[in-house]
Amino acid sequence: MASKNIHAGEFPDQAVLDLGFEDGNQVGFMVSSNQIEELYLSESKSQYDKIRDLLETETTSDLTTVKKAFILPMHNVSTDRLKAALKEHKISVTNDYEKADFIIPHTNFYDTYTQVDNIPQTKLMFKIYNGYFSNEHRSAVQDYHADTGNNVILDKRALGDSHQWNIEYTSAPYDSYCFSNMALILADLVDKGELKVIETDTILNQSANRVPMTKELMEDIKKMIDSYNASDEELQMAGKIIPTIDPTGEPYLLYTYANFLENKSYQYNRNKDVLYWLDKHNIATLARYNAEEAIKYFEDKNMLDSRCFRALEVKCREEIQIHNRELYTFKVQVKPEYRKYMQD
């Protein structure tokens, strides 16, 4: 049985060889005041990209071929929502990746840090640039270094109450790519075809709980939460509805309510599912755009249709500013490449 601890178990020497690493060594990573786990540090960007791609690139979208899911740690969608969506397809979730036949990735299992940064202890893999080692400033660090000979990464947790200027430290490789045991093992299993990868959106988009975006629905949500007197019950109800909304085919409505949704997002700063939905649909970006910028955005995303264009084009005309009207007349025309959207 595999542990949920991403650092647990013996170092996967064979996986490192099979994945093609030609450099690297083990380093210490402090996860608590007296506990140090080991990471594998490489200076190879290509290997970092390879492991990340193995863990996040979808290998199948067919949910009928899988039975047990392992969710990568630090997922930005709640486990309850993923479990509910998977249950519709008779798929269960396990905390033991050895029992899983596929993993569910996300964009939060890796990140980049610099110097003495705050690195989450459950981050599967990460890059540190211009970082440091320190092997002397704490008794746990001293003992670990004496026992293993491994350097210890200096991050904010390892630094503790000390000040960097007051301790001995050395420079780590300028570009340090760090991997937990779990990251290496899972990547190796995917590489060998023993684990499949299915993206989060593939699972959520096949859920029967999705509801189409309509003006009536958005106005109902607005009535629920667009008030200083909104109750906790109304906020919670809207928080359950928003992540299920499917704006497919309704780019104009998405733009119309983007500003409202962005203004209310602070009320859901602890709701992973709402935040995921807002981020997925670029609500913060759309809220800043004027009508012309929205047209270009939807065009670039292949979401622009005639209904959306005509509605936004009216707003564009309202924003046109023409001076010298005392002397000249002006004729406004839509550019030829956009006239196709003016047709029914």
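For the structure, check the block above.
Residues numbered from 1 in each chain as written. Predicted model: local features only at pLDDT ≥ 70, side-chain atom pairs only at ≥ 80, totals over all residues. Heavy atoms only, no water.

Draft legend 1. A look at the pattern of salt bridges. Counted by the stated rule, this structure contains 14 salt bridges. For Lys127, the salt bridge identified is with Asp175, shortest N-O distance 3.5 Å. Residue Lys127 is found in strand E7 (residues 125-129), and its partner Asp175 is found in strand E10 (residues 175-179); the two are separated by 48 residues along the sequence. Linking Lys280 and Asp201 is a salt bridge whose minimum nitrogen-to-oxygen distance equals 3.7 Å. Remark: Asp201 occurs in helix H7 (residues 200-205) and Lys280 occurs in helix H12 (residues 272-280); sequence separation between them is 79 residues. For Lys280, a relative accessible area of 32% corresponds to the partly exposed category. The partly exposed category is assigned to Asp201, whose relative accessible area is 24%. Salt bridges sharing common partners tie together Lys45, Asp49, Arg52, Asp53 and Glu56. (Salt bridge = Lys/Arg side-chain N within 4 Å of Asp/Glu carboxyl O. Helix = DSSP H or I, 4+ residues; strand = E, 2+ residues; numbered from the N terminus. Buried < 20%, exposed > 50% of the residue type's maximum accessible area, 1.4 Å probe, protein only.)

Draft legend 2. Broad picture of the nonpolar core. By size, the foremost hydrophobic cluster in this structure holds 37 residues, and its most contacted members are Ile221, Ile225, Leu261, Trp277, Phe298 and Leu312. Taken together, the elements giving at least two residues each to this core come down to helix H8 (215-225), helix H9 (232-241), helix H10 (251-256), helix H11 (258-264), H12, helix H13 (283-288), helix H14 (291-300) and helix H15 (306-319). Contact partners of Leu312, with chain neighbours within four places excluded, come to Tyr252, Tyr255, Ala291, Ala294, Ile295 and Phe298. Counting 31 residues, the second largest nonpolar core, distinct from the first, contains Phe11, Phe21, Tyr48 and Met182. (Core = buried A, V, L, I, M, F, W, Y, C linked by side-chain atoms within 4.5 Å. Contact = heavy atoms within 4.5 Å.)

Draft legend 3. Representation of the packing of aromatic side chains within the structure. What the rule picks out here adds up to 17 aromatic pairs. Ring geometry for Tyr48 versus Phe179: centroids 5.9 Å apart, planes at 55°, classification tilted. In this pair, Tyr48 sits in helix H2 (residues 45-56) while Phe179 sits in strand E10, placing the two residues 131 residues apart along the sequence. Per residue, the accessibility class of Tyr48 equals that of Phe179, and both read buried. Here Tyr129 and Tyr174 contribute two aromatic rings whose centre-to-centre distance is 6.3 Å and whose plane-to-plane angle is 45°, an arrangement assigned as tilted. With Tyr129 in strand E7 and Tyr174 in the loop between strand E9 (170-171) and E10, this residue pair connects regions lying 45 residues apart in the sequence. Among the aromatic residues, ring-to-ring pairing joins Phe11, Phe21, Tyr40, Tyr48, Tyr177 and Phe179 into one connected group. The ring of Tyr110 carries Arg52 above its face, with NZ or CZ at 5.8 Å from the centroid. (Phe/Tyr/Trp six-rings, centres within 6.5 Å; stacked < 30°, edge-to-face > 60°. Lys NZ or Arg CZ within 6 Å of the ring centre and 35° of its normal.)

Draft legend 4. Quick peek at a nonpolar patch on the surface. A contiguous nonpolar patch, built from Leu327, Tyr328 and Phe330 and spanning about 380 Å² of accessible area, is present on the exposed surface. Counting through the fold element by element, Phe330 comes out in the segment after H15. (Patch = residues over 30% accessible without salt bridge, like charges linked within 9 Å, V, L, I, M, F, W, Y side chains within 5 Å. Areas by Shrake-Rupley, 256 points an atom, 1.4 Å probe, with all protein chains shown as cover.)

Draft legend 5. The arrangement of the sheet that holds strand E5 (residues 102-104) in detail. Taken together, the four strands give an open sheet; going across it, the order is E4-E3-E5-E11, and neighbouring strands pair in parallel fashion. Every other strand in the sheet has two partners, leaving strand E4 (92-93) and strand E11 (196-197) as the edge strands with one partner each. As paired strands, strand E3 (residues 68-71) and E4 are joined by two bridges and run parallel to one another. Bridge pairing in E4 links Lys68 to Ser92. Relative to the sheet, helix H3 (residues 79-87) contacts E3, E4 and E5, its axis offset from that of E3 by approximately 160°. (Pairing = 2+ DSSP bridges. Axes fitted to C-alpha atoms, helices over the stretch in contact; angles between N-to-C directions.)

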